[in-house]
Amino acid sequence: MNESELPQNPYVLLTPGPLSTTPSVKAAMLRDWCTWDDDYNSIVQDIRARLVALAAGPSDSAHTAVLMQGSGTFCVEATLGTAVPPEGKLLVLANGAYGERMALIAGRLSLDFDVLSFPETEAVDPVRLQARLDADHSISHVAMVHCETTTGILNPLEEVARVVGEGGRRFIVDAMSSFGGMPLDVESLGIDYLVSSANKCIQGVPGFGFVIARRTALEQCEGNARSLSLDLYDQWKTMEHDNGKWRFTSPTHVVRAFAVALRELEEEGGVPARHARYCANHKVLVEGMTGLRFRCLLEERLRSPFITSFHEPTEEGYSFGRFYAELKRRGFVIYPGKVSRARTFRIGTIGDVHPSTILSLIEAVRLSMSWVPAAAPAGA
């Protein structure tokens, strides 16, 4: 079966992941692979090297990449459960559902932790973080979501990283929805653990996530893990010593698809080119939706180019379920809202999506606005 014979998707996924992938990424999953075979393990090793190069540059030797089965949340849990030692204390910066999920994970793992909370429509404040670190010297690790997809807000990574670094703490960043979609340099930022997933801005499919870690930090984590299967240190040691082998059965088809997605990222022009495309998608989306009288939840300075939250219409005839179904019928799937204090829906602009795709979406939205009365015929 060649790419032209692959089943066609009935709709475009305009979500923060899973997302719409290219035919070649899907086609890569048509072959079976053996987890013990050198051909497969060499693919794993190449992926690990490419991820470090994306995060820290091709000549970097201070960082390493660990792949982990499961969703991005599995990787977040593996990182928190392995990176924070028994005598350590974690501070979670939370301004949305995914920051709050990190706190929930910390509680389930019985970590010593605190949460510094911010409103969902406000960015994390480095000044408040500084005050908390100054007041509590027992804090050893700080964790933050870079792009909080609850709203689409982009937290101030550079400013927070500077405060954490100057305070001598380890920094854990959930870059699930940003890594690969905008330039990030873990070395200059001083990030000790960066967590992301195959099915986000690199445009692979769901099945595994990865952690890009500072070697000197990860080397100190032996025996810390609160879980056997989510032991990030043991997973890393096995991949290092056994040439890319995973401890337990790996998602071979997904890994191969991710290798193709990484190659396509390079062919597009790397992260800067992909970031430019996502920004163009976002610009077309906001202009088109505001032209149809939808209102963005966030101020412009806080928005990311990855996913955008819009207030739901207040007209009596509006129903998200009906709106969603109409858009799906016209070939587009969007996301419901996740904000606790406002009625919203969300539209993603990542994946195999281009400005022309977004223009088609805007027309589909216009045709799906059943709650807006049709204009009276001219001369009526």
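Conventions adopted
Residues numbered from 1 in each chain as written. Predicted model: local features only at pLDDT ≥ 70, side-chain atom pairs only at ≥ 80, totals over all residues. Heavy atoms only, no water. Axes fitted to C-alpha atoms, helices over the stretch in contact; angles between N-to-C directions. Helix = DSSP H or I, 4+ residues; strand = E, 2+ residues; numbered from the N terminus. Parallel < 35°, antiparallel > 145°, perpendicular 65-115°, else oblique. Left-handed = near helix turned anticlockwise from the far one by under 90°. Contact = heavy atoms within 4.5 Å. Core = buried A, V, L, I, M, F, W, Y, C linked by side-chain atoms within 4.5 Å. Buried < 20%, exposed > 50% of the residue type's maximum accessible area, 1.4 Å probe, protein only. Phe/Tyr/Trp six-rings, centres within 6.5 Å; stacked < 30°, edge-to-face > 60°. Lys NZ or Arg CZ within 6 Å of the ring centre and 35° of its normal. Pairing = 2+ DSSP bridges. Polar contact = N/O pair within 3.5 Å; in protein donor to acceptor, adjacent residues only side chain to side chain.

Chemist: Where do I start with the packing of helix H12 (residues 320–329) against helix H13 (residues 355–368) in this structure?
Modeler: Between two packed helices, both the angle of their axes relative to each other and the distance between the axes serve to describe the pair. The N-to-C vectors of H12 and H13 enclose an angle of 130 degrees; their axes lie 9 Å apart at closest approach. Of the possible angle classes, the one that applies to H12 and H13 is oblique. As for the relative orientation of H12 and H13, their crossing is right-handed in sense. Contact with H12, carried on its side by Phe 323, Glu 326 and Leu 327, involves Leu 361, Ala 364, Val 365 and Ser 368 of H13 and no other residues of that element.

Chemist: Please explain the packing of helix H11 (residues 270–291) against H13 as it appears in this structure.
Modeler: In contact at an axis separation of 9 Å, H11 and H13 are set at 20 degrees when each is read in the N-to-C sense. In terms of their interaxial angle, H11 and H13 are classed as roughly parallel. The hand of the H11/H13 crossing is right-handed. Where H11 approaches H13, its residues Ala 280, Asn 281, Val 284, Leu 285, Gly 288 and Met 289 are matched on the opposing element by Pro 355, Ile 358, Leu 359, Leu 361, Ile 362 and Val 365.

Chemist: Please explain the nonpolar core as it appears in this structure.
Modeler: Taken as a class, soluble globular proteins show a tendency for nonpolar side chains to be buried jointly. Membership of the largest hydrophobic core comes to 55 residues, with the highest contact counts inside it found for Leu 51, Leu 129, Phe 171 and Phe 179. It is helix H10 (residues 252–268) that contributes the most residues to this core, 9 residues altogether. Leaving out residues up to four positions away in the same chain, Leu 129 has contacts with Leu 91, Leu 93, Leu 116, Val 142, Val 160, Val 163 and Val 164.

Chemist: Would you mind going over the packing of aromatic side chains with me for this structure?
Modeler: Between two aromatic rings, the relevant description is the distance of the centres plus the angle of the planes. Tallied over the full model, the rule gives 16 aromatic pairs. Ring plane angle 65 degrees and centroid distance 5.7 Å describe the contact between Phe 179 and Phe 210, whose orientation is recorded as edge-to-face. Placement of Phe 179 in the loop between strand E8 (170–174) and helix H7 (186–189) and of Phe 210 in strand E10 (residues 208–214) is noted, with a sequence separation of 31 residues between them. With relative accessibility at 0%, the residue Phe 210 sits in the buried group. Put simply, the rings of Phe 294, Phe 310, Tyr 318, Phe 320, Phe 323, Tyr 324, Phe 345 and Trp 371 pair up and form one aromatic cluster. Here Arg 31 stacks its cationic end above the ring of Trp 33, 3.7 Å away from the centre of that ring. Just above the ring of Trp 36 sits the side chain of Lys 245; from NZ or CZ to the centre is 4.4 Å.

Chemist: How should the sheet that holds strand E4 (residues 113–117) be read in this particular structure?
Modeler: Judged by pairing direction, the sheet is mixed, and its 7 strands sit side by side in the order E2-E10-E9-E8-E5-E3-E4 without closing on themselves. Edge positions in the sheet fall to strand E2 (63–69) and E4, since each has one partner strand and no second. Averaged over all pairs of adjacent strands, the angle between strand axes in this sheet comes to 20 degrees, irrespective of strand direction. Sheet analysis places strand E3 (residues 90–94) next to E4, joined by 5 bridges and oriented parallel. The partner of Ala 94 across the bridge, within E4, is Ser 117. Strands E2, E3, strand E5 (141–145), E8, strand E9 (193–197) and E10 of the sheet are contacted by helix H3 (residues 72–83), whose axis makes an angle of about 160 degrees with E9. Strands E2, E9 and E10 of the sheet are contacted by helix H9 (residues 232–241), whose axis makes an angle of about 110 degrees with E2.

Chemist: Got a minute to help me understand the pairing of strand E14 (residues 344–348) in this structure?
Modeler: Looking along a regular strand, one sees the side chains alternate between the two faces of the sheet. Counted residue by residue, E14 has 5 buried out of 5 residues, so it is predominantly covered. Side chains Thr 344, Arg 346 and Gly 348 project from E14 onto one buried face, and the interleaved Phe 345 and Ile 347 project onto a second face that is buried too. In terms of strand pairing, strand E11 (residues 307–311) meets E14 through 5 bridges, oriented antiparallel. Following the sheet pairing, Thr 308 is matched in E14 by Ile 347.

Chemist: Sorry, what's going on with the environment of Ser 250 here?
Modeler: Note on placement: Ser 250 falls in the loop between H9 and H10. Taking the C-alpha atoms as reference, Ser 250 lies 23 Å from Leu 265; in sequence the two are 15 residues apart. Beyond its immediate sequence surroundings of up to four residues, Ser 250 is in contact with Thr 35, Tyr 40 and Gln 69.

Chemist: I keep staring at the side chain of His 141 and nothing clicks. Help me out?
Modeler: Secondary-structure assignment places His 141 in strand E5. Within polar-contact distance, the side chain of His 141 engages the backbone oxygen of Ala 83 at 3.1 Å. In this structure, His 141 is in contact with Ala 83, Val 84, Pro 85, Lys 89, Leu 90, Leu 91, Arg 169, Arg 170 and Ile 172, ignoring residues within four places of it in sequence.

Chemist: Explanation requested: unusual backbone geometry in the structure shown.
Modeler: Across the chain, the bulk of peptide bonds are trans and the bulk of non-glycine residues have phi less than zero. With an omega of 0 degrees, the peptide bond between Gly 17 and Pro 18 qualifies as cis. One can find Pro 18 in the loop between strand E1 (12–13) and helix H1 (23–27). Positive phi is not limited to glycine here, since Ser 110 has a value of about 60 degrees. Secondary-structure assignment places Ser 110 in the loop between helix H4 (97–108) and E4. Positive phi is not limited to glycine here, since Gln 203 has a value of about 70 degrees. With respect to the helices and strands, the residue Gln 203 is situated in the loop between E9 and E10.

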